[in-house]
Amino acid sequence: MPDAPMFDAPMLLVFPSLMAYAAFSDLFTMTISNWISILLVIAFVGVGLLAGMPVSTIGLHLACGFGVLVLTFSLFCFGWIGGGDAKLAATTAVWMGVEHLAEYGMGSALAGGALTLALLQFRRWPMPGWARARLWIMRLHDKDVGVPYGIALAAAGLALYPETGVFVRVLGG
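How each quantity is defined
- Residues numbered from 1 in each chain as written.
- Predicted model: local features only at pLDDT ≥ 70, side-chain atom pairs only at ≥ 80, totals over all residues.
- Heavy atoms only, no water.
- Axes fitted to C-alpha atoms, helices over the stretch in contact; angles between N-to-C directions.
- Helix = DSSP H or I, 4+ residues; strand = E, 2+ residues; numbered from the N terminus.
- Left-handed = near helix turned anticlockwise from the far one by under 90°.
- Nonpolar A, V, L, I, M, F, W, Y, C, P; charged D, E, K, R; others polar.
- Patch = residues over 30% accessible without salt bridge, like charges linked within 9 Å, V, L, I, M, F, W, Y side chains within 5 Å.
- Areas by Shrake-Rupley, 256 points an atom, 1.4 Å probe, with all protein chains shown as cover.
- Salt bridge = Lys/Arg side-chain N within 4 Å of Asp/Glu carboxyl O.
- Phe/Tyr/Trp six-rings, centres within 6.5 Å; stacked < 30°, edge-to-face > 60°.
- Buried < 20%, exposed > 50% of the residue type's maximum accessible area, 1.4 Å probe, protein only.
- Expected span 1.5 Å × (residues − 1).
- Bend = angle between axes of the 7 residues up to and from the residue.
- Parallel < 35°, antiparallel > 145°, perpendicular 65-115°, else oblique.
- Contact = heavy atoms within 4.5 Å.
- Core = buried A, V, L, I, M, F, W, Y, C linked by side-chain atoms within 4.5 Å.
- Lys, Arg positive; Asp, Glu negative; His and termini not counted.
- Disulfide = S-S within 2.5 Å.

Chemist: Just to check I follow, could you spell out the packing of helix H3 (residues 55-77) against helix H4 (residues 83-122) for this structure?
Modeler: Between two packed helices, what matters for the description is the angle formed by their axes and the separation of those axes. Axis separation between H3 and H4 bottoms out at 7 Å; the angle between their running directions is 145 degrees. The handedness of the crossing between H3 and H4 is right-handed. Looking at the contact of H3 with H4 residue by residue, the classes come out as 15 nonpolar, five polar and two charged.

This is the structure:
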């Protein structure tokens, strides 16, 4: 990477910032906007190039994301996951690369399982008056609404991010 330490922190914060935004968006609205996934891919390419990642490696990361998109789009077609979750998983896979894809899948599954169990328990509790006034809490409490799985996808991605090739390259490792 060129000698530009003032750019290190902003480059390292792009992924966590967008993932946190996606998780909170899913929590509060049960949607993950397309622009988040698009920006994650564009940011990966930009950060990868600025960090000196070979174009062939960037291509492999993009191919990894495309493979995950094919898989998650199939799950979406069956109604098993939401469209935003499918796209977020794929764009996170771009940042993880093949090296961390299995760990990301396992981490997402474990975090998603824990989130689902917590949400099922939460939905059994009666809601106090203050909570009833908050639409997002009542949406989460609704047994007919799905799980904001973007939270689990973001948590797994953020946990693995410091181990990724992009992160290590930016730090000069």
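Having put the structure on the table, let's press on.
Chemist: Can you help me understand a nonpolar patch on the surface in this one?
Modeler: A grouping of Tyr-21, Trp-35, Ile-38, Leu-39 and Ile-42 is seen on the molecular surface, where their side chains present a nonpolar patch of about 520 Å² in accessible area. Ranked by residues supplied to the nonpolar patch, first place goes to helix H2 (residues 34-50) with four residues. Position of Trp-35 relative to the elements: it lies in helix H2.

Chemist: How do you make sense of the packing of aromatic side chains when you look at a structure like this?
Modeler: Two measures describe an aromatic ring pair: the distance that separates the ring centres and the angle between the ring planes. Applying the stated criterion across every chain, the model contains eleven aromatic pairs. Ring plane angle 75 degrees and centroid distance 4.5 Å describe the contact between Phe-28 and Trp-136, whose orientation is recorded as edge-to-face. Remark: Trp-136 occurs in helix H6 (residues 135-141) and Phe-28 occurs in helix H1 (residues 8-29); sequence separation between them is 108 residues. The exposure class of Trp-136 is partly exposed, given its relative accessible area of 29%. Centre to centre, the rings of Trp-95 and Tyr-161 are 6.1 Å apart; their planes meet at 70 degrees, and the pair counts as edge-to-face. Linking Trp-95 in helix H4 with Tyr-161 in the loop between helix H7 (150-160) and helix H8 (165-170), this pair joins segments that are 66 residues apart in sequence. Trp-95 sits in the buried class, given a relative accessible area of 0%.

Chemist: Explain the environment of Val-98 here, please?
Modeler: Tracing the chain through its elements places Val-98 in helix H4. Looking at Val-98, the relative accessible area reads 58%, which means it is exposed. Note: C-alpha distance between Val-98 and Cys-64 (34 residues apart in sequence) is 6.3 Å.

Chemist: Hey, could you run me through H4 in this one?
Modeler: Residues lying three or four places apart along an α-helix face the same way, a consequence of the helix completing one turn every 3.6 residues. Relative to the 58 Å expected for 40 residues at 1.5 Å per residue, H4 spans just 24 Å between its end C-alpha atoms, considerably shorter than the ideal helical length. Within H4, the axis deviates most sharply at Gly-97, by approximately 120 degrees.

Chemist: Quick question: what am I supposed to make of the packing of H2 against H3 here?
Modeler: Across the interface, H2 lies against H3 with an axial gap of 10 Å and an inter-helix angle of 160 degrees. Judged by the inter-axis angle, H2 sits roughly antiparallel to H3. Helix-helix and strand crossings are classified by hand; for H2 and H3 the assignment is right-handed. Across from Val-41, Phe-44, Val-45, Gly-48 and Leu-49 in H2, the residues of H3 making contact are Val-55, Ile-58, His-61 and Leu-62.

Chemist: Explain the nonpolar core here, please?
Modeler: One broad rule of soluble globular proteins: the nonpolar side chains tend to lie buried together. Leu-40 and Trp-95 are the most contacted members of the largest nonpolar core, which totals 34 residues. Looking at this core, the elements that each hand over two or more residues are H1, H2, H3, H4, H7 and H8. Per element, the largest residue contribution to this core is eight residues, and it comes from H4. Residues contacting Trp-95, with those up to four places away along its chain left out, are Phe-15, Leu-40, Ala-43, Phe-44, Val-47, His-61, Tyr-161, Thr-164 and Val-166.

Chemist: Where do I start with the side chain of Asp-85 in this structure?
Modeler: With respect to the secondary-structure elements, Asp-85 resides in helix H4. The side chain of Asp-85 is buried and forms no salt bridge, while Lys-87, the nearest opposite charge, is found at 9.6 Å. Ignoring anything within four residues of it in the chain, the contact list for Asp-85 reads Asp-26, Ile-32, Val-147, Tyr-149, Gly-150 and Leu-153.

Chemist: I would appreciate a short explanation of the state of the cysteines in the present structure.
Modeler: For the coordinates displayed, the defined rule picks out zero disulfides. Just so you know, Cys-64 is unpaired, no disulfide at all, and the nearest cysteine sulfur is the one on Cys-77, 20 Å from it. Overall, Cys-64 belongs to the buried group, its relative accessible area being 8%. Judged by its relative accessible area of 53%, Cys-77 is exposed.

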